[in-house]
Amino acid sequence: MSTATPLRAIDSAEVSEGTVRAVKKVAADDPYMPGHFPELTVYPGVFTLESVQQAVAEAVGPVRLARLRSARFLAPLLAGDSLVVEAAIERADDGLEVRARCADGTGRTTAKVSARYEQGSRAATDVGARLDRHRPRSGELRLDHDAIRAVLPHRHPMILLDRIEHAAPGERLEAVKAVSGCEPCYQGDQPGSEYPASLLLESFGQAAAVLWLLGATESGLPMFTAARDVVFERPVLPGDVVRHLVRLDQVVDGAAFASGESFVGADRVAVVTSMMAVVRPALTLTNGNGRNHHE
Amino acid sequence: MSDHTEHLEELREIVAEVLELEPEEVADAGDFVDEYDADSLRAIEILARIEKKYKVDIPQSELNDMRSLKAVYTVVARYAGWRD
C-alpha cells in the first residue's frame, strides 16, 4: 500500500549520490491551494514537507514519512515563488534519515526539515471499537463545520476538519476529520491509498489553531512555524474517522505551542510532541518586510 | 554535580535542541543571534521550553536579554528562585 499525494510538490529534480535537489513553483491553482487561502495564496508548511518527501522519492523510490524529527518554517512562499529543496539522504537501520534545506528563488532559507522515512509497506489499522474516552463535560463546546469556518481562514478543499467536540477553549479539544476517497489527493489515476502524512499533520494543526483562536485575541492567518518529533505510527485510509486529541501547552509572546495524539478507532495513528504556530496579519506577508516574518 | 552546574547543563541542552546544535557547541557566552543564527521565534521556543520544564512564568520583556546561555541562566535563576 502506498501513500497518496496531495499535489505535485516538485516540478523537477536532479539526483546525485546521496543528495537530491528539486524545484517547485508555487501555483495558486494547484490542488488544495485555492483553499489556502482564498484571498492570498500561501504554500502550506506541510506542502514543503510534501516537496521534501517527493524529492526523496525521486532519489530512492516511494517513501512514507515515519517520523518528523524537526521542521522549521522561516519564511512564507506565495504564488509565483520558487521553492528549492536540497536534501541529503542517509540510509540508517532499515529507513532513511533526511536533512533538507529549502530556499526561495533568491537563495533565502525558507525551511529546514529533518525526518525519517521508510520504504515498503506497512499494515493498515484495524478499525477497532470507537473511542469513548472523552465523555462530554459541562462547559465544553461543540463546533460544527460552519463554526469551524468562522474561526479558521482555511477553505475548501484545504479545510481538513469536520467537527470539533469537547472543546475547552485555550486548553484542549477533540477534533474529528473523516477521510474520504473524494478528496483531491485521490484524484486521477495516481496510485496510493494512504492518506498523506502532510495532510494529517495539517488537519492536526488546524485543530490546534481552532483551540488557540477560540481563546485568543489575535487575528490574522495562523502560520505553522515549527514542529518537533511527530511520529506517524499507522496508515490512515479513506473511510477512517480520525480524532485529534489536542492540548494547547503554552502561548508565549504571540506564539502557540500545541501537542497531542491522533486516533482511528482505538488505534493511535500519530503522536505530535510539539507544534508551534504564530498568527500574522495577511498584509505583512505580502510586503517586503513580511517575507521575513519571524524577524 | 552542583545545582548550578546541573541547571546550566539542563539549559544548555534545551538551547542546543532548539538551535539544532550539539550541547558542546553551545558556549556559555555565545550569542544566539550572532553566532548561532537564531531568530526571534527560536528565542520564544527556548523561553517556552524553559517555562514548561521549570514551571516558571518569565515575562516576555526578558526575551531581549536572553541572548546567550549565561544570560538565560541569570534570567531563569531570578524567576525560578535558584540560589546556586
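Residues numbered from 1 in each chain as written. Chains lettered and ligands numbered in written order. Predicted model: local features only at pLDDT ≥ 70, side-chain atom pairs only at ≥ 80, totals over all residues. Heavy atoms only, no water.

Enquirer: Is there a simple way to think about the pairing of strand S3 (residues 64-73) of chain A in this case?
Expert: In the case of a regular strand, side chains alternate between the two sheet surfaces. Residue and element names in this part refer to chain A. Judged by how many residues are buried, S3 sits mostly within the fold: eight of ten residues are covered. Two strands pair when backbone bridges link them, and S3 and strand S6 (residues 109-118) are joined in this way by eight bridges, in the antiparallel orientation. Looking at the pairing, alanine 71 lines up with valine 113 of S6. Pairing of S3 with strand S10 (residues 221-232) involves five bridges; the strand directions are antiparallel. Paired with leucine 68 across the two strands is valine 230, which belongs to S10. (Buried < 20%, exposed > 50% of the residue type's maximum accessible area, 1.4 Å probe, protein only. Helix = DSSP H or I, 4+ residues; strand = E, 2+ residues; numbered from the N terminus. Pairing = 2+ DSSP bridges.)

Enquirer: Help me understand helix H1 (residues 3-19) of chain B in this model?
Expert: Think of an α-helix as turning once every 3.6 residues; residues three or four places apart then point the same way. Taking 1.5 Å per residue, 17 residues should reach 24 Å; H1 of chain B reaches 24 Å between its end C-alpha atoms and fits that length. All of the buried residues in H1 of chain B are His7, Leu8, Leu11, Arg12, Ile14, Val15, Ala16, Val18 and Leu19 of chain B. In this fold, the buried residues of H1 of chain B make contact with S3 and S10 of chain A together with helix H2 (32-36), helix H3 (40-54) and helix H4 (69-80) of chain B. In the segment just after H1 of chain B, glutamate 20 of chain B is the residue with positive phi, at about 55°. (Expected span 1.5 Å × (residues − 1). Contact = heavy atoms within 4.5 Å.)

Enquirer: Explanation requested: the interface of chain A and chain B in the structure shown.
Expert: One frequently used descriptor of interface size is the decrease in accessible area upon assembly of the parts. The interface of chain A with chain B comprises 17 residues on the first partner and 16 residues on the second. Interface area, chain A with chain B, both sides summed: about 1500 Å², of which 50% is carbon and sulfur. Counting the surface chain A buries against chain B, the share from its top three residues, Arg72, Arg228 and Asp253 of chain A, is 35%. Two residues, aspartate 249 of chain A and lysine 52 of chain B, come together in a salt bridge whose shortest N-O distance is 3.6 Å. Remark: the boundary between chain A and chain B carries six residue pairs in polar contact (both at pLDDT 80 or more). Breaking the side of chain A that touches chain B down by element, the ones donating at least two residues are S3, S10, strand S11 (241-252), strand S12 (255-264) and strand S13 (267-280) of chain A. The residue inventory of the side of chain A that touches chain B, partitioned by class, reads seven nonpolar, four polar and six charged. (Buried area = accessible area lost by both parts, 1.4 Å probe. Salt bridge = Lys/Arg side-chain N within 4 Å of Asp/Glu carboxyl O. Polar contact = N/O pair within 3.5 Å; in protein donor to acceptor, adjacent residues only side chain to side chain. Nonpolar A, V, L, I, M, F, W, Y, C, P; charged D, E, K, R; others polar.)

Enquirer: How should I be thinking about the side chain of glutamine 53 of chain A in this particular structure?
Expert: Residues and elements named next belong to chain A. Assignment of secondary structure puts glutamine 53 in helix H1 (residues 45-60). Owing to a relative accessible area of 10%, glutamine 53 belongs among the buried residues under this scheme. If sequence neighbours within four positions are ignored, glutamine 53 has contacts with Val63, Arg64, Leu65 and Tyr117.

Enquirer: Any chance you could explain the packing of aromatic side chains here in plain terms?
Expert: Given two aromatic rings, one states the distance between the centres and the angle between the planes to describe the pair. Applying the stated criterion to the full structure yields five aromatic pairs over all chains. With a centroid separation of 6.0 Å and 65° between ring planes, the pair formed by tyrosine 43 of chain A and phenylalanine 47 of chain A is classed as edge-to-face. The two residues tyrosine 43 of chain A and phenylalanine 47 of chain A agree in class, both being buried. Here tyrosine 73 of chain B and tryptophan 82 of chain B contribute two aromatic rings whose centre-to-centre distance is 5.7 Å and whose plane-to-plane angle is 40°, an arrangement assigned as tilted. On the accessibility criterion, tyrosine 73 of chain B (10% relative accessible area) is buried. (Phe/Tyr/Trp six-rings, centres within 6.5 Å; stacked < 30°, edge-to-face > 60°.)

Enquirer: I keep staring at the pattern of salt bridges and nothing clicks. Help me out?
Expert: Any two side chains of opposite charge can pair, given that their charged atoms come close. Residues and elements named next belong to chain A. The tally for this structure, following the rule as stated, stands at 29 salt bridges over all chains. Note that arginine 69 and glutamate 97 form a salt bridge whose closest N and O atoms lie 2.7 Å from each other. Here arginine 69, found in strand S3, pairs with glutamate 97, found in strand S5 (residues 95-104); they are 28 residues apart in sequence, far enough to count as distant. A salt bridge links arginine 243 to glutamate 174, with the shortest nitrogen-to-oxygen separation between them at 2.5 Å. One end of the pair, arginine 243, is in strand S11; the other, glutamate 174, is in strand S9 (residues 172-178), and 69 residues separate them in sequence. Of the two residues examined, arginine 243 and glutamate 174, each falls in the buried class. Each of Arg142, Arg163, Glu165, Glu174 and Arg243 takes part in one network of salt bridges that share partners.

Enquirer: How do you make sense of the side chain of threonine 3 of chain A when you look at a structure like this?
Expert: Residues and elements named next belong to chain A. Tracing the backbone shows threonine 3 in the segment before strand S1 (12-16). Looking at threonine 3, its side chain comes within polar contact range of the side chain of glutamate 194, at 3.4 Å. When residues no more than four places from it in sequence are discounted, the contact partners of threonine 3 are Val63, Arg64, Pro191, Gly192, Glu194, Tyr195 and Pro196.

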